Amino acid sequence: MIELIPAIDIIQGQCVRLTKGDYSQTKVYSTNPVDVAREFERLGFKRLHVVDLDGAKSRHIVNEEVLRSITTNTNLVVDFGGGIKTQEDIEKAFDAGASMVTVGSIAVTEPELFYEWLDKYGAHRMILGADVRNGKISINGWKDDSEMDLLPFLKGFIDKGVRNVLCTEISKDGTLQGPAIELYKEVMAAYPDLHLIASGGVSSTEDIFELERAGIPAVVFGKAFYEGKIDTGKLL
């Protein structure tokens, strides 16, 4: 069964979703992320993906106390990303109860530092964030595009021991237009042992089943759930 990972994105302590990473297209779904996390747990989910959108914009963790509230009030296994630029940020996330951290921009701009973290904390606690727009890796809360193509970018990190990759197709994110299945199939064909987490565009329960049929190990979804388009009874 594909691993199911609902998402909570946080701006100013609220549960929100953006469209294509555009902060001007923000929709608030709840003013209490802890209540949302508890509902995910009640439904039977085991994992949770938490994104500090304020942190991604500010380039340092902002919402660690929201993370702490979620981890102390649920038994969900939480991975946390957004604004992790220093070892201090990682320590804050782990201290606040995160089981894993997702790191993207630093892996692009300072790969040697990412390798140090990989050695220090272990591959099981590090998720490489590979956000893609027009085939190129994007960084800093999706505000800046690099010149790096996805597959060569991944290879360097996989060779260093990375096993968990969260890949978001930015043009799909928050659009409810379906995930970039062909992109994910291409990644899995190149790196079949990778624990690839598909992210962006999930619009229905059927999209999740299609990802599963394509052999994608895990999926993150948010807006489709909040908009009532996911039938949890068929998934759990």
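Everything in this summary refers to the structure shown in the same document. Every residue gets a number counted from 1 within its own chain, in the order that chain's sequence is written. Totals for whole chains, interfaces and linings use all residues, but because this is a predicted model, local features are given only for residues with pLDDT of at least 70 and pairs of side-chain atoms are given and counted only at 80 or more. The side-chain quantities take in all heavy atoms of the structure and omit both hydrogens and water.

Glancing now at the overall build of the chain. If you tally the helices and strands in the chain, you get eleven helices and twelve strands. Its C-alpha atoms give the chain a radius of gyration of 16 Å, within 12% of the compact-globule value 18 Å for 236 residues. Projected onto its principal axes, the C-alpha positions of the chain cover 40 × 40 × 30 Å. Any residue under 20% of the maximum accessible area for its type is buried, any over 50% is exposed, and the rest in between are partly exposed; the area is computed with a 1.4 Å probe on protein chains only. Looking at the chain residue by residue over its 236 residues, the buried ones come to 58%. Computed with the Shrake-Rupley method and a 1.4 Å probe, the accessible areas treat only the protein chains shown as cover for residues. Put simply, the chain shows about 9800 Å² of open surface, and 46% of that area lies on carbon and sulfur atoms. In this tally, Lys and Arg are treated as positive and Asp and Glu as negative; His is ignored, and so are the chain termini. Here the site of a charge means atom NZ of a Lys, CZ of an Arg, CG of an Asp or CD of a Glu. Charge-centre separation for the chain: the mean point of 26 positive side chains lies 3 Å from the mean point of 36 negative side chains. Only runs of H or I of at least four residues qualify as helices and only runs of E of at least two qualify as strands under DSSP, and these elements are numbered from the N terminus. To get the radius of gyration, use the C-alpha atoms; to get the globule rule, take the number of residues to the power 0.38 and multiply by 2.2 Å.

Relative to strand β8 (residues 136-139), strand β7 (residues 126-133) runs antiparallel, the two sharing three bridges. Pairing of Arg 133 across the sheet is with Lys 136, part of β8. The criterion for strand pairing is that DSSP finds at least two bridges linking the strands in question. Between β7 and the antiparallel strand that follows it, β8, lie two residues; Asn 134 among them carries a positive phi value of about 55°. Where β8 meets strand β9 (residues 144-149), three bridges bridge the pair, whose relative direction is antiparallel. Counted as the bridge partner of Lys 136 is Asp 149 from β9.

A separate point is the environment of Gly 104. Checked against the element boundaries, Gly 104 lands in the loop between β6 (100-103) and α5 (105-109). By relative accessible area, which is 18% here, Gly 104 ends up buried. With 22 residues separating them along the chain, Gly 104 and Gly 82 place their C-alpha atoms 8.5 Å apart.

Note on geometry: axes are C-alpha line fits, over the in-contact stretch for helices, and angles between N-to-C directions span 0 to 180 degrees. One can describe the packing of helix α7 (residues 150-159) onto helix α8 (residues 181-190) by two numbers: an axis separation of 11 Å at closest approach and a directional angle of 40°. Relative to α8, the element α7 is oriented oblique. Seen along the crossing, α7 lies across α8 with a hand that is right-handed. From α7, Leu 150, Leu 151 and Leu 154 reach across to α8, where they touch Leu 183, Glu 186, Val 187 and Ala 190. Roughly parallel covers angles under 35 degrees, roughly antiparallel covers those over 145, roughly perpendicular covers 65 to 115, and oblique covers all other angles. The handedness criterion is simple: a crossing whose near helix is rotated anticlockwise from the far helix by less than a right angle is left-handed, and one whose near helix is rotated clockwise is right-handed. Any two residues having at least one pair of non-hydrogen atoms within 4.5 Å are treated as being in contact.

On to the nonpolar core, then. To qualify as a nonpolar core, a set must consist of buried Ala, Val, Leu, Ile, Met, Phe, Trp, Tyr and Cys residues joined through side-chain atoms within 4.5 Å. Judged by nonpolar contacts, the single largest core of 70 residues is most densely connected at Ile 8, Phe 114 and Leu 154. Leaving out residues up to four positions away in the same chain, Phe 114 has contacts with Val 103, Ile 106, Ala 107, Met 126, Leu 128, Phe 157 and Val 162. Among the nonpolar cores identified, the runner-up in size contains eight residues, and Ile 5, Ala 7, Ile 127 and Leu 166 belong to it.

With respect to the helices and strands, Asp 173 occurs in the loop between β10 (164-169) and α8. Should a side-chain nitrogen of Lys or Arg be within 4 Å of a carboxyl oxygen of Asp or Glu, the pair is scored as a salt bridge. As a buried residue without a salt bridge, Asp 173 has its nearest oppositely charged side chain in Arg 17, at a separation of 4.3 Å. Here Asp 173 is in contact with Arg 17, Leu 18, Thr 19, Lys 20, Gly 21, Trp 142, Thr 168, Ser 199, Gly 200 and Gly 201, once residues within four sequence places are set aside.

Moving on, we come to the environment of Ala 37. Following the sequence through the fold, Ala 37 ends up in helix α1 (residues 33-43). The spatial distance from the C-alpha of Ala 37 to the C-alpha of Ile 10 is 12 Å, given a sequence separation of 27 residues. The residues touching Ala 37, leaving out its near neighbours within four places in the chain, are Ile 8, Leu 48, Ile 70, Thr 74 and Leu 76.

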